[in-house]
Amino acid sequence: MTEFELNLMRQPWWIIGDRWDQDDWWLENGAVAGNLVMKNYLKDGHKIAKDIGKMVKDGRISVREGADYLYNLLCYLYIGNLARLNAHDFALQYNSLLKAHKFPIEAGLSSVPDQEPLYDVINLNNTIFFTSLQGDSSRYYFPPKNGIYSPSDMIPGANGRVAMMWRKPKERKKVPDGDNYFRLPATTLAKNRNITYVDAVIDGSVIDINRKEIHTGAAKRHAFPILSEEDVNEGYRKYLSRYGHTVSVKENKKRAAERMERYADGRKEQKEDFKNEIREYHGEYPSEFVDGKVTSLGINPDSTALVYELSYKMDNLVKRAGNNVILSLGKLFCDQLELLPSDRERDVDAYFGTPREYVTRISVDIPSGYTVNESSLSGLNRLILNESGAFSANTTLVSPDKLQVDIIKRYNKGVLPVSEWPEMLSVLDMASEWNNVSILLEKK
């Protein structure tokens with residue numbers, strides 16, 4: 001551990017009087033901590049950071065593009081555990097890095113999601129620092145705590161939280177304490193979305209499935225378990241090459257060889273992670289796993305989605321009924337939560353973190369020689385809309401040999417008042433019930 005890191009550990013973590021006094025030193029102009037991290041852990045790291053600052057100054061990239069790049073550059077070290085940074089260190093390093101290159105920023109403070117609002121906090125362990133880019137390109141940059149996010153994402157824990165910006169002590173004393181507080185922006189359904197495409201082909205008693213998952217905002221959390229170390233490192237390196245730079249960590253031959261071994265082991269483990277994801281989606285493991293890959297890490301602020309694709313076979317969703325076929329269509333929709341009797345009664349608000357939306361399109365190729373029974377088709381549509389959320393399923397025969405289902409499920413609020421819990425139950429119950437629908441394919 002370096003002397004710099006030891007000094008960080010010696011900083012007091014309690015707050016006495018003014019919440020900022022213990023950590024004001026790192027907010028002053030001229031801080032160099034961020035540049036030290038670049039220099040110590042990245043090949044040509046200091047040069048790359050300096051070059052980004054010059055590109056902004058010369059107008060070759062915007063202020064926001066420069067801040068986004070440096071954010072992802074530091075995330076590359078933080079998430080890959082390459083520089084032994086915690087969330088507080090990350091905020092310190094990022095703030096000082098931008099200050100060193102004269103970006104128009106201010107530092108801010110908020111409390112972590114499962115703790116009291118900031119104005120009631122008495123311990124810095126219950127807070128999180130962030131950086132705010134000022135001017136026309138305003139943006140809030142939080143440490144990527146418990147996940148991988150784009151610079152343009154509002155991390156789930158910060159959604160609508162009480163915060164305050166840093167001011168010099170003399171300036172803070174000029175206004176009433178309460179006037180220093182404000183609420184961070186609240187995200188919307190459109191920012192926290194999981195879009196699923198399911199293409200299914202019936203082959204005898206087996207269904208061949210190709211599924212694509214697209215996650216944005218808070219919905220990304222569901223995809224983190226399938227990411228490998230190689231996906232993360234190579235995803236950041238790809239983004240960071242955009243301005244002609246080649247970014248790599250400082251490592252000797254032994255550490256490089258160890259990393260490649262971890263990559264190989266990670267690919268094997270990821271195969272099992274993909275199988276577990278399929279089990280969570282359908283409620284059971286595939287009869288055969290074919291392939292899986294991550295196509296986008298979701299760190300580009302212009303394309304924030306984390307995307308992966310899976311190919312596999314399921315052998316128990318098709319049953320014979322004489323000459324006809326019964327397809328368990330509802331099992332092609334993500335396995336839904338069935339609430340226990342004890343969960344149906346609540347006396348406190350329900351915390352979902354952020355509004356969220358799940359959009360699914362299921363396409364099924366009808367086998368040659370079969371047709372969809374019209375009476376079974378007409379009973380598949382559903383619709384419920386209320387203040388708490390929504391569920392809808394719309395099933396159509398887009399051609400004689402193609403069945404399509406469009407499903408939308410919504411959680412409208414990050415925190416649902418207990419008075420609206422019965423409305424949410426009706427949404428959850430309808431979604432769970434749709435998991436059990438089937439459709440009859442008749443022999444022509």
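Residues numbered from 1 in each chain as written. Predicted model: local features only at pLDDT ≥ 70, side-chain atom pairs only at ≥ 80, totals over all residues. Heavy atoms only, no water.

**Some thoughts on the layout of surface pockets**
Step number 1: In this structure, the largest pocket encloses a volume near 650 Å³.
Step number 2: Mapped onto the lining of the largest pocket, the elements with two or more residues apiece are strand E6 (193–203), strand E7 (206–215), helix H8 (253–282), strand E13 (356–365), strand E17 (402–411) and helix H10 (421–434).
Step number 3: With 5 residues, H8 is the single largest residue contributor to the lining of the largest pocket.
Step number 4: Partitioning the lining of the largest pocket into residue classes produces 13 nonpolar, 7 polar and 8 charged. (1 Å grid on protein atoms, 1.4 Å probe; cavity = no way out; pocket = protein on both sides within 12 Å on 5 of 7 lines; lining within 4 Å. Points joined across faces, edges and corners; volume = space filled by probe spheres on them. Helix = DSSP H or I, 4+ residues; strand = E, 2+ residues; numbered from the N terminus. Nonpolar A, V, L, I, M, F, W, Y, C, P; charged D, E, K, R; others polar.)

**Observations regarding the confidence of the model for the protein**
Step number 1: Here the protein averages 86 in pLDDT, and 88% of its residues register 70 or above.
Step number 2: Confidence drops under pLDDT 50 across residues 1–23; counting only partners more than four residues distant or on other chains, this segment forms 51 contacts. (pLDDT = per-residue confidence, 0-100. Contact = heavy atoms within 4.5 Å.)

**Considering the nonpolar core**
Step number 1: Membership of the largest hydrophobic core comes to 104 residues, with the highest contact counts inside it found for Leu70, Leu329 and Phe391.
Step number 2: When residues of this core are assigned to their parent elements, the largest contribution, 10 residues, is made by helix H4 (residues 63–79).
Step number 3: Formed by 8 residues, the second largest nonpolar core is a distinct cluster that contains Ala91, Leu118, Leu124 and Tyr181. (Core = buried A, V, L, I, M, F, W, Y, C linked by side-chain atoms within 4.5 Å. Buried < 20%, exposed > 50% of the residue type's maximum accessible area, 1.4 Å probe, protein only.)

**Comments concerning the sheet that holds strand E10 (residues 318–321)**
Step number 1: Taken in spatial order, the 4 strands make up an open sheet running E10-E11-E19-E14, and their pairing is antiparallel. Strand pairing shows two members of the sheet lacking a second neighbour, E10 and strand E14 (370–372), which therefore form its edges. The average angle at which neighbouring strand axes cross in this sheet is 30°, direction not considered. (Pairing = 2+ DSSP bridges. Axes fitted to C-alpha atoms, helices over the stretch in contact; angles between N-to-C directions.)

**Description of the pattern of salt bridges**
Step number 1: On inspection of all chains with the given rule, the structure shows 19 salt bridges.
Step number 2: Here arginine 60 makes a salt bridge to aspartate 58, at a shortest N to O gap of 3.4 Å.
Step number 3: Arginine 382 serves as the salt-bridge partner of glutamate 433, at 2.9 Å between the closest nitrogen and oxygen. Of this pair, glutamate 433 sits in helix H10 while arginine 382 sits in strand E15 (residues 382–385), and the two are 51 residues apart along the sequence.
Step number 4: Judged by its relative accessible area of 34%, glutamate 433 falls in the partly exposed class. (Salt bridge = Lys/Arg side-chain N within 4 Å of Asp/Glu carboxyl O.)

**What about H10?**
Step number 1: Compared with the 20 Å implied by 1.5 Å per residue over 14 residues, the 20 Å span of H10 between its first and last C-alpha is a close match.
Step number 2: Summarising the contacts, the buried residues of H10 are in contact with strand E12 (350–351), E15, strand E16 (389–399), E17 and strand E18 (415–416). (Expected span 1.5 Å × (residues − 1).)

**A closer look at the environment of glycine 353**
Step number 1: In this structure, glycine 353 sits in the loop between E12 and E13.
Step number 2: Between the alpha carbons of glycine 353 and asparagine 159 there is a distance of 7.5 Å; along the sequence they are 194 residues apart.

**Quick notes on H8**
Step number 1: Its 30 residues place the ends of H8 44 Å apart at the C-alpha level, agreeing with the 44 Å of an ideal helix rising 1.5 Å per residue.
Step number 2: Residues Arg259, Tyr263, Gly266, Gln270, Phe274, Glu277, Ile278, Tyr281 and His282 constitute the buried set of H8.
Step number 3: Tucked into the core, H8 has its buried residues touching E6, E7, helix H7 (229–240), strand E8 (288–296), strand E9 (306–314) and E13.
Step number 4: The N-capping residue of H8, defined by a side-chain oxygen 3.2 Å from the backbone nitrogen of lysine 254, is asparagine 252. (Polar contact = N/O pair within 3.5 Å; in protein donor to acceptor, adjacent residues only side chain to side chain.)

**What to know about the side chain of serine 111**
Step number 1: Here serine 111 shows up in strand E1 (residues 105–111).
Step number 2: The class of serine 111 is buried, set by a relative accessible area of 2%.
Step number 3: Within the structure, the side chain of serine 111 is placed 2.9 Å from the backbone oxygen of glutamate 116, a separation counted as a polar contact.
Step number 4: Here arginine 161 takes part through its side chain, which lies 2.8 Å from a polar atom of the side chain of serine 111.
Step number 5: Among residues more than four places away in sequence, those in contact with serine 111 are Glu116, Pro117, Leu118, Val121, Asn126, Thr127, Ile128, Arg161 and Val162.

**Here we look at the packing of helix H3 (residues 45–57) against H4**
Step number 1: Interaxial distance between H3 and H4 falls to 9 Å at its minimum, and their mutual angle equals 165°. On the basis of the axis angle, H3 is roughly antiparallel to H4. When you trace H3 past H4, the crossing you get is right-handed. Counting all contacts with H3, which are made through Ile48, Ala49, Ile52 and Val56, the residues of H4 involved are Val63, Gly66, Tyr69, Leu70 and Leu73. (Parallel < 35°, antiparallel > 145°, perpendicular 65-115°, else oblique. Left-handed = near helix turned anticlockwise from the far one by under 90°.)

**Some points on the sheet that holds strand E3 (residues 139–141)**
Step number 1: Taking strand neighbours across the sheet as the criterion, the 5 strands line up as E3-E2-E1-E4-E5 in an open arrangement whose pairing is antiparallel. Of all strands in the sheet, those bounded by a partner on one side alone are E3 and strand E5 (181–183). Direction aside, neighbouring strands of the sheet carry axes that sit 35° apart on average.
Step number 2: Lying over the sheet, H4 contacts strand E2 (127–133) and E3, oriented at roughly 15° with respect to E3.
Step number 3: Against the sheet, helix H5 (residues 87–100) engages E1, E2 and E3, with an angle of about 20° to E2.

**A few points about the environment of glutamate 357**
Step number 1: Following the sequence through the fold, glutamate 357 ends up in strand E13.
Step number 2: By relative accessible area, glutamate 357 is classed as buried at 5%.
Step number 3: Taking the C-alpha atoms as reference, glutamate 357 lies 8.8 Å from lysine 191; in sequence the two are 166 residues apart.
Step number 4: Not counting residues up to four positions away in its chain, the partners in contact with glutamate 357 are Leu189, Asn192, Arg193, Asn194, Ile408, Lys409 and Arg410.

**Some words on unusual backbone geometry**
Step number 1: Even without glycine at this site, aspartate 44 takes up a positive phi of about 55°.
Step number 2: Summarising the element assignment, aspartate 44 is placed in the loop between helix H2 (33–41) and H3.
Step number 3: The class of aspartate 44 is exposed, set by a relative accessible area of 56%.
Step number 4: Positioned with a positive phi, lysine 102 is a non-glycine residue whose angle comes to about 60°.
Step number 5: Relative to the assigned elements, lysine 102 resides in the loop between H5 and E1.

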